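So the chains spell out like this:
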Amino acid sequence: MDLKMLLIFITLLLHAALGFPIQENYENSTTTAEPTEVTTQEDIYESPSPTETDSEDELIFNRILEVNKGSSQLLQEGDIAPQRTRSAINCRHCNWPQSSDGIVRVPYVLDPTYEEGHIKGIHDAMAEFETLTCIKFVKRKTERDYINIKSADGCWSHYGKVGGGQTVSVMKGGCMWKGVIQHELDHALGFLHEHSRSDRDKHVKIMWEYISPSDRPDFRKFENSRNLGLPYDYSSVMHYGPYTFTNTTGKATIVPIPDASVPIGQRQGLSNLDVAKINKLYNCSRCSTILDTASGSLRSANHPRNYSDNTNCVWLIRTRSRKISLHFEAFELQKTRGCQGDYVKVYDGSSKSSAVLMDKTCGSKIPNDIVTSSNLMLVEFVTDGADTASGFQATFTSVRIQRKPNN
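So, how was this worked out
- Residues numbered from 1 in each chain as written.
- Predicted model: local features only at pLDDT ≥ 70, side-chain atom pairs only at ≥ 80, totals over all residues.
- Heavy atoms only, no water.
- Axes fitted to C-alpha atoms, helices over the stretch in contact; angles between N-to-C directions.
- Helix = DSSP H or I, 4+ residues; strand = E, 2+ residues; numbered from the N terminus.
- Parallel < 35°, antiparallel > 145°, perpendicular 65-115°, else oblique.
- Left-handed = near helix turned anticlockwise from the far one by under 90°.
- Contact = heavy atoms within 4.5 Å.
- Nonpolar A, V, L, I, M, F, W, Y, C, P; charged D, E, K, R; others polar.
- Disulfide = S-S within 2.5 Å.
- Pairing = 2+ DSSP bridges.

This part takes up the packing of helix α4 (residues 116-132) against helix α5 (residues 178-189). Relative orientation and spacing of two packed helices are given, respectively, by the angle between their axes and the distance between those axes. At a closest axis distance of 9 Å, the pairing of α4 and α5 adopts a crossing angle of 55°. With respect to their mutual orientation, α4 and α5 come out oblique. Every pair of crossing elements has a handedness; the one defined by α4 and α5 is right-handed. Judged by residue contacts, Gly121, Ile122, Ala125, Met126, Glu128 and Phe129 of α4 engage Lys178, Ile181, Gln182, Leu185, Asp186 and Leu189 from α5. Among the residues making up the contact of α4 with α5, the classes are represented as seven nonpolar, two polar and three charged.

Throughout the structure, instances matching the rule amount to four disulfides. Between cysteine 155 and cysteine 175 runs a disulfide, and the two sulfur atoms are separated by 2.0 Å. Of note, the bridge from cysteine 155 to cysteine 175 carries an S-S torsion of about -90° and is left-handed in sense. Of this pair, cysteine 155 sits in strand β6 (residues 155-156) while cysteine 175 sits in the loop between β7 (165-170) and α5; the two residues are 20 residues apart in sequence, bridging distant segments of the chain. The disulfide partner of cysteine 287 is cysteine 313, and the gap between their sulfur atoms is 2.0 Å. One quick way to see it: the torsion about the S-S bond of cysteine 287 and cysteine 313 is about 95°, and its sign makes the bridge right-handed. Of this pair, cysteine 287 sits in strand β10 (residues 287-291) while cysteine 313 sits in strand β12 (residues 312-318), and the two are 26 residues apart along the sequence.

For the rest of this paragraph, the subject is the sheet that holds strand β11 (residues 295-299). Read across the sheet, four strands follow the order β11-β18-β13-β16 without closing on themselves; strand pairing throughout is antiparallel. Strand pairing shows two members of the sheet lacking a second neighbour, β11 and β16 (370-371), which therefore form its edges. As paired elements, β11 and strand β18 (residues 391-399) share five bridges and run antiparallel to each other. Bridging from a neighbouring strand, serine 295 pairs with threonine 397 of β18.

What follows is the structure in structure tokens.
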């Protein structure tokens, strides 16, 4: 091929390449895009994007380890910055202080390089703590102790309150998943990895033969850990996955006992026991439940008998890449003007700052079915100190969008 023909060939290649659009990968966004609607003869189905599917099929800690391979930060157990030999769960002065109103306010600052999508993702992860516990992340004013959330080299944090400004690294290129952010924030609140508990050998077997000597310190057990009197949690956001640090493909490093088939690790975020541990460590009084199955039910306490006075309970419904439909089967609440006494309220998201799907509702008329715009729904039930009634019972399910009528 002579020079003229070579130049023509290169020109044609460039023209063809530039004719295709460049697709940017926003895998570091925790917000769920509106699923694509695929029209069929029967229905219009939700179709999760590849990004969503990847985030759900991959365990949170696996993602953290993958990102941290390129980190220059010295890390213990894969994502903990070593600044002390103790854990916040064992000390008296490294929990974040509780205010007189019962709220634990954790001041924070955000990396100015974060874009709008990153900020929303971090705020969404924080909002679930506030919804389910007495932890509230607040923008720092002049507080001496605070967390500095920045896009450093990887996904990592310190244990508990260190003092001064402490880094929580949430790198833009890999850590922007809600469960990953919550994992690192949970470290900052003072929690170990679940497999490090003193009683772990009753619940999991560490397969040392499949762990390289250099990685074995990451499986150490804290003999004096304070487990708060709560059960071991295979599904904790703080649990290693079964193949973490394996040196032999297909061989697990952590095996549940006595039933090796029990799933371990998390894909979506905080578990009910994660929430219970936070509330117990920080002496929180919260009535909150996570419902993370494809379908299920919820009801007011004591239903069908009368509910109690002065309660405030929330249910966070969290399904996988589907919208949620809520159907009330029974509904009987004390009726007051504007439902200012007892009421049920439903939000289109995971926090009370989300859009409202059903405003304060009371009385005896069963509400219409409610459908979210994403895979998250929050149901709030509040009662005052006056008369009570039998309350409510409802079911939820993941839904597909029905075919739109022809015009």
